[in-house]
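# Structural features, examined
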Amino acid sequence: MKFFIETFGCQMNVNDSEKVAGLLQAEGHEPAREAADADFVFVNTCAVREKASEKLFHTLGRLKQLKRARPDLLIGAGGCVTQLTGAPSLLARAPYVDVVVGTRNVARIPELVRQARETSAPAVDLDRKADSFAIPASAVAHASAVRAYVTVMEGCNHVCSFCVVPRTRGTEVCRPADDVVAEVQSLVGRGYREVMLLGQTVNAYQDGATDFAALLRRVDAVPGLTRLRFTTSHPEHVTDRLADALRDLPRVCPYLHLPVQSGSDRVLASMRRGYTRGQYLEIVALLRGRVGDLALSSDVIVGYPGETEEDFQATVELVEAVGFEGLFVFTYSPRPGTTAVRLPDDVPEAEKSRRLQVLNQAQQRRQGLRNRARVGERDHVLIDTVTGPGRLSGRTPHFRIAHLDGPESWLGQLLEVEITGAGPNSLTGRGLASNSLTSVSTVPIF
Ligand code: SAM
C-alpha cells in the first residue's frame, strides 16, 4: 500500500505524522509522492484556531473527489481536530472517512487501516487514556535527516481561557527520562545532529525524579549530539535551574520560545496565564542576565474578548521592550469547551486583522534591521535542507535561517559561515570552510 500524509499544525502534529509514517513503513507500506498516488491518505490537523480546524474539512472535501474516482482509496483523519470534534460529528460531516484517530492513538493506525479495509466500516479510536508513548523510537520516520523531534510530554495542565489543548491532548503525561535519553542516543547513533524536545509546556516536564533542567543535562551529555533545542516553554515554569542549564550546557542552543500572549495585565488575568506583564519582564531579565546572547521568540493573541486599544498598545510596547527575535501573532478565535468561549467575541474581525498587521509590520522592521546588522559577522550554521541544486539552508544557534551555496554533501555539516546578506526572515552566507570539511565538522560549539 502507498500512503500520503498531510499535516497542518505545530511540531507536535509533525512529530505525530512522523510516527504514523514510521509505523506504516514498518508494515511494508511505502510513502507516495502525492495524495493522487496513494492508497491511504492521512490528514493530521491542529485545532488551536478555527481556521486550522476548518482546514481538515476542506482537505477532506478535496479527497472526497479523489475517492469518487478511486473508491478503494482509504481516508484517515487524526490530530487535535478529531479529538475535539468526536467521531459522530466528524463522520456525519465527512461520511467517506475510513479511519479516525485521536492524539493518543497514533500507534494503532496500521491496525485501524487494516480493519477499515476488511470491514468497509469506519475504524475509530479516540481513547484519551491510551499511552501515546507506546511507539518504539525506531519506528519514527523523521522528516529531516538532521534534526529529530522527540516528544517528551503530552498534554497540558494549564487552564488558559482561550486554549483547546487540554481538551484535545489531555492533561500532562511525561515520558520517563531514561526513555528520552535512550531515544536520543539511538538518534545520534543513526546520524542525527540535532534534537528538539517537544511538549505543550515542555519546561513543566517532571517524571518523578527528573525535572526539565535535569532532563536537559542528561540529554546534553549524550555523546555525539551537536545541538539541543526544546519547545514550547511556559513562563510560569522558567526557573533558575532552567536559566543555568541554558547558560551552562554546551549543546543547548541560546534560543527560547516563550509565549507571552498579551502585554496587558487585564487581558493576561482573563486569559489565566498565571503571570503579569511585570513578571514576564522579570523572567526575560533573569534569562538575559544569565545567558547574555539569548534569542527569545513569542506568541501573541490579538483581539481577545474585551481587548481595548489600550490593552493592545500595552502589547505593542511589551513586544518592543523585549525585542523578540521572532513573533507569531494570532487573531483570537473562540474554541469550543474553553472558558473564553463564554465571553463575547467583541473585537471586530477587521480590527483583529489590523492589530495583527501592526505587530507583524513592526516585527518585520525589527528583524530586518537586526539581520542587516549581522552582515559581515561569522556564525555556525547546521545545514539541514537542500533547497535546490547547489542551494542549501540551515540554522544558526539562535535559530536564524541562513541560505548558502554548496554541495549536497554538506547536509548535516556544521559550517562556519560568513553572513553576506540579510532580509527580515533569513540571512544569506558563504561557507568559510567549504574546502576543508574535516575541520568544519570538528567545530566544537553549536
Ligand atoms: N502550548 C503552547 C503554549 O501554551 O504556549 C502552544 C499552544 S498553541 C499550539 C500556539 C499558539 O496558538 C498559542 O501560544 C497561542 O498564541 C495561539 N492560540 C491558542 N489558542 C488560540 C485561540 N483560541 N485563538 C487564537 N490563537 C490561539
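Up top is the structure.
Residues numbered from 1 in each chain as written. Predicted model: local features only at pLDDT ≥ 70, side-chain atom pairs only at ≥ 80, totals over all residues. Heavy atoms only, no water.

### Some details on the state of the cysteines
In this structure the tally under the stated criterion is zero disulfides. We note that Cys 160 lacks a disulfide partner, and the nearest cysteine sulfur, in Cys 163, lies 6.0 Å from it. (Disulfide = S-S within 2.5 Å.)

### Considering the sheet that holds strand E4 (residues 74–78)
In spatial order, the strands read E2-E1-E3-E4-E5-E6; together these six strands make up an open sheet with parallel pairing. Taken across any chain shown, the strands that pair with only one partner, and hence form the sheet edges, are strand E2 (30–31) and strand E6 (123–125). Sheet analysis places strand E5 (residues 99–101) next to E6, joined by three bridges and oriented parallel. Note that in E6 the partner of Val 101 across the bridge is Asp 125. Taken strand by strand, helix H5 (residues 109–119) contacts strand E3 (40–45), E4, E5 and E6, and its axis lies near 155° from that of E5. (Pairing = 2+ DSSP bridges. Helix = DSSP H or I, 4+ residues; strand = E, 2+ residues; numbered from the N terminus. Contact = heavy atoms within 4.5 Å. Axes fitted to C-alpha atoms, helices over the stretch in contact; angles between N-to-C directions.)

### Thoughts on the pairing of strand E11 (residues 227–231)
Taken across its five residues, E11 has five buried, putting it largely inside the fold. Residues Arg 227, Arg 229 and Thr 231 of E11 are buried on one face, and the alternating residues Leu 228 and Phe 230, pointing to the opposite face, are buried as well. Two strands pair when backbone bridges link them, and strand E10 (residues 194–198) and E11 are joined in this way by five bridges, in the parallel orientation. Bridging across to E11, Glu 194 finds its partner in Arg 227. (Buried < 20%, exposed > 50% of the residue type's maximum accessible area, 1.4 Å probe, protein only.)

### A word on the site of the ligand
Around the ligand, a shell composed of 15 residues is seen, among which Phe 162, Gln 200, Gln 261, Asp 299 and Ser 333 lie nearest. Contact between the ligand and Asp 299: an oxygen atom at 2.6 Å from a side-chain N or O atom of the residue. Ser 333 is positioned such that a nitrogen or oxygen atom in its backbone is 2.7 Å from a nitrogen atom of the ligand. Those elements that provide at least two residues to the shell around the ligand are strand E13 (295–302) and strand E14 (326–331). Classifying every residue of the shell around the ligand by side-chain character gives six nonpolar, five polar and four charged. (Near = heavy atom within 4 Å. Polar contact = N/O pair within 3.5 Å; in protein donor to acceptor, adjacent residues only side chain to side chain. Nonpolar A, V, L, I, M, F, W, Y, C, P; charged D, E, K, R; others polar.)

### Re the sheet that holds strand E12 (residues 255–257)
The sheet built from three strands is open, its strands ordered E12-E13-E14 with parallel pairing. The open sheet terminates on both sides in strands that have one partner only, identified here as E12 and E14. Strand after strand, the sheet turns through a mean of 10° between neighbouring axes, direction not considered. Of the pairings in the sheet, the one linking E12 to E13 comprises three bridges and is parallel in character. Within E13, the position partnered with Leu 256 by the bridge is Leu 296.

### Some remarks on the environment of Leu 23
Residue position: Leu 23 is located in helix H1 (residues 11–26). Given the relative accessible area of 12%, Leu 23 is considered buried. Taking C-alpha positions, Leu 23 is 8.9 Å from Val 106, a pair spaced 83 residues apart along the chain.

### Remarks on the nonpolar core
By size, the foremost hydrophobic cluster in this structure holds 54 residues, and its most contacted members are Leu 197, Phe 230 and Leu 287. Counting residues per element, this core draws most heavily on helix H7 (residues 177–189), which supplies six residues. Among residues more than four places away in sequence, those in contact with Leu 197 are Val 150, Val 152, Val 180, Val 202, Phe 212, Leu 215, Leu 216, Val 219, Leu 228, Arg 229, Phe 230 and Thr 231. Formed by 26 residues, the second largest nonpolar core is a distinct cluster that contains Val 41, Ala 47, Leu 56 and Leu 73. (Core = buried A, V, L, I, M, F, W, Y, C linked by side-chain atoms within 4.5 Å.)

### Quick notes on the packing of helix H11 (residues 277–290) against helix H12 (residues 309–322)
The description of two packed helices rests on the angle between their axes and on the distance between the axes. For the pair H11 and H12, interaxial distance at closest approach is 11 Å and the crossing angle is 10°. By the angle class used here, H11 and H12 are roughly parallel. Across the interface between the two elements, Arg 277, Tyr 280, Leu 281, Val 284 and Arg 288 from H11 touch Ala 314, Glu 317, Leu 318 and Val 322 from H12. Here the residues of the contact of H11 with H12 sort into six nonpolar, no polar and three charged. (Parallel < 35°, antiparallel > 145°, perpendicular 65-115°, else oblique.)

### Comments concerning unusual backbone geometry
With omega at 0°, the peptide bond leading from Thr 231 into Thr 232 counts as cis. Tracing the sequence through the fold places Thr 232 in the loop between E11 and helix H9 (240–248). Its identity as a non-glycine residue notwithstanding, Gln 261 has a phi of 75°, on the positive side. Among the secondary structure elements, Gln 261 is positioned in the loop between E12 and helix H10 (265–271).

### So, H11
Taking 1.5 Å of rise per residue, 14 residues should cover 20 Å, and H11 covers 20 Å from first to last C-alpha, within 8% of that figure. Within H11, burial applies to Tyr 280, Ile 283, Val 284 and Leu 287. One side of H11 holds all its buried residues, which, seen down the axis, span an arc of 100°. Of the exposed residues in H11, those oriented more than 90 degrees away from the buried face are Glu 282 and Gly 289. In this fold, the buried residues of H11 make contact with H9, E12, E13 and H12. (Expected span 1.5 Å × (residues − 1). Arc of directions from axis to C-beta.)

### Let's talk about the environment of His 257
As for its placement among the helices and strands, His 257 is situated in strand E12. Between the alpha carbons of His 257 and Ala 295 there is a distance of 8.4 Å; along the sequence they are 38 residues apart. With sequence-adjacent residues up to four places away left out, His 257 is seen in contact with Thr 231, Thr 232, Ser 233, Ser 297, Ser 298, Asp 299 and Phe 328. Separated by 2.7 Å, the side chains of His 257 and Ser 297 make a polar contact.

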